[in-house]
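Residue-level structural notes
This is what each chain is made of:
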Amino acid sequence: MEVENSVIVNFAEISKPNKMTGNKTFTMIKPNAVEKGFTGAILAKINEGGFRIVAMKKMKLTREQAEAFYEIHKERPFFAGLVDFMSSGPIIAAILEKNNAVEDYRKLIGATNPDEAERGTVRNLFGTNVQMNAVHGSDSDENAEIEGNFFFSKLERF
Ligand code: UDP
Ligand code: MG
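Here goes a summary of the coordinates provided. (Residues numbered from 1 in each chain as written. Chains lettered and ligands numbered in written order. Predicted model: local features only at pLDDT ≥ 70, side-chain atom pairs only at ≥ 80, totals over all residues.)

**Quick word on the pairing of strand 1 (residues 24-29)**
Within strand 1, six of the six residues are buried, which leaves it mostly tucked inside the rest of the structure. Here strand 1 shows no split at all, with Lys 24, Phe 26 and Met 28 on one side and Thr 25, Thr 27 and Ile 29 on the other all buried. With six bridges connecting them, strand 1 and strand 3 (residues 91-97) associate as antiparallel partners. Residue pairing in the sheet places Met 28 in a bridge with Ala 93 of strand 3. (Buried ≥ 20, exposed ≤ 12 C-beta atoms within 10 Å, placed from the backbone. Helix = DSSP H or I, 4+ residues; strand = E, 2+ residues; numbered from the N terminus. Pairing = 2+ DSSP bridges.)

Here it is, written out as structure tokens:
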């Protein structure tokens, strides 16, 4: 009866309403990484990781735009420093596509603090410190959509 049981368990698993199964995520290459000339190497890691670039642009965020993007962190002690940093120089914003995009991209970039990020991850390789950690990656399908919409219109997606 083991086989039948496992079928039931798997069906329950795929029926979970909150499972992240979306195929899009949003990323930014942060000012420290752009400034240091790591854009090409980071895009190569994204490519090798099996992500397709749906939309991409280089721009400089105003302080107001950085505050709006990181609105969910506004009560955190690192908020002011983060906003200063994210509006200090140009960034690369992109929408990426892959099965299980949000989770797989978080694996590719590693932990928030580059010192704690696994060897070979983007933040481990290109991050400077916990604030200047080279890249942003969405933390849920819902936020991936909100963040992608913050930067890109339908006309900019392919
Ligand atoms: N951050 C920081 N100090 C901290 C934690 C986070 O400056 O102690 C910055 C860092 O740039 C991070 C961003 O705030 O990427 C958003 O924090 P979050 O906890 O969402 O980390 P992430 O999702 O980027 O791994
Ligand atoms: Mg986050």
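**Overview of the site of ligand 1**
For ligand 1, the full set of nearby residues is His 73, Phe 78, Gly 81, Leu 82, Thr 112, Val 130, Gln 131, Asn 133, His 136 and Asp 139. Across the shell around ligand 1, the residue classes break down as three nonpolar, six polar and one charged. (Near = placed C-beta within 6 Å. Nonpolar A, V, L, I, M, F, W, Y, C, P; charged D, E, K, R; others polar.)

**What about helix 5 (residues 79-86)?**
Of all the positions in helix 5, only Leu 82, Val 83 and Met 86 are classed as buried. Buried residues along helix 5 cover an arc of 100° about the axis, so they all sit on one side. Seen from the open side of helix 5, the exposed residues pointing more than 90 degrees away from its buried face are Ala 80, Gly 81 and Asp 84. Buried residues belonging to helix 5 abut helix 2 (31-35) and helix 4 (63-69). (Arc of directions from axis to C-beta. Contact = placed C-beta atoms within 7 Å.)

**Overview of the environment of Arg 52**
As for its placement among the helices and strands, Arg 52 is situated in strand 2 (residues 52-59). A count of 14 C-beta atoms within 10 Å places Arg 52 in the partly exposed class. Along the sequence, Arg 52 and Glu 97 sit 45 residues apart, while their C-alpha atoms lie 5.0 Å from each other. Dropping the residues within four chain positions of it, Arg 52 is found in contact with Leu 96, Glu 97 and Lys 98.

**With respect to the nonpolar core**
One finds Ile 42, Ala 134 and Val 135 to be the most contacted residues of the largest nonpolar core, which totals 31 residues. At the level of secondary structure, the elements contributing two or more residues to this core comprise strand 1, helix 3 (39-48), helix 4, helix 5, strand 3, helix 6 (101-109), helix 7 (122-126) and helix 8 (141-151). For Val 135, the residues in contact, after removing those within four places along its chain, are Thr 27, Met 28, Ile 29, Lys 30, Ala 33, Ile 42, Ile 109, Val 122 and Arg 123. (Core = buried A, V, L, I, M, F, W, Y, C linked by C-beta atoms within 7 Å.)

**As for the sheet that holds strand 3**
Pairing is antiparallel across the open sheet formed by four strands, whose spatial order is 2-3-1-4. One side of each edge strand has no neighbouring strand; the edge strands of this open sheet are strand 2 and strand 4 (135-137). Across this sheet, the average inter-strand angle for adjacent strands is 15°, counted without regard to direction. Of the pairings in the sheet, the one linking strand 2 to strand 3 comprises seven bridges and is antiparallel in character. Looking across to strand 3, one finds that Lys 57 is bridged to Ala 93. Strands in contact with helix 6 are strand 1, strand 3 and strand 4; relative to strand 1, the strand with the most contacts, it is inclined by about 30°. Sitting on the sheet, helix 8 is in contact with strand 1 and strand 3, with an inclination near 55° to strand 1. (Axes fitted to C-alpha atoms, helices over the stretch in contact; angles between N-to-C directions.)

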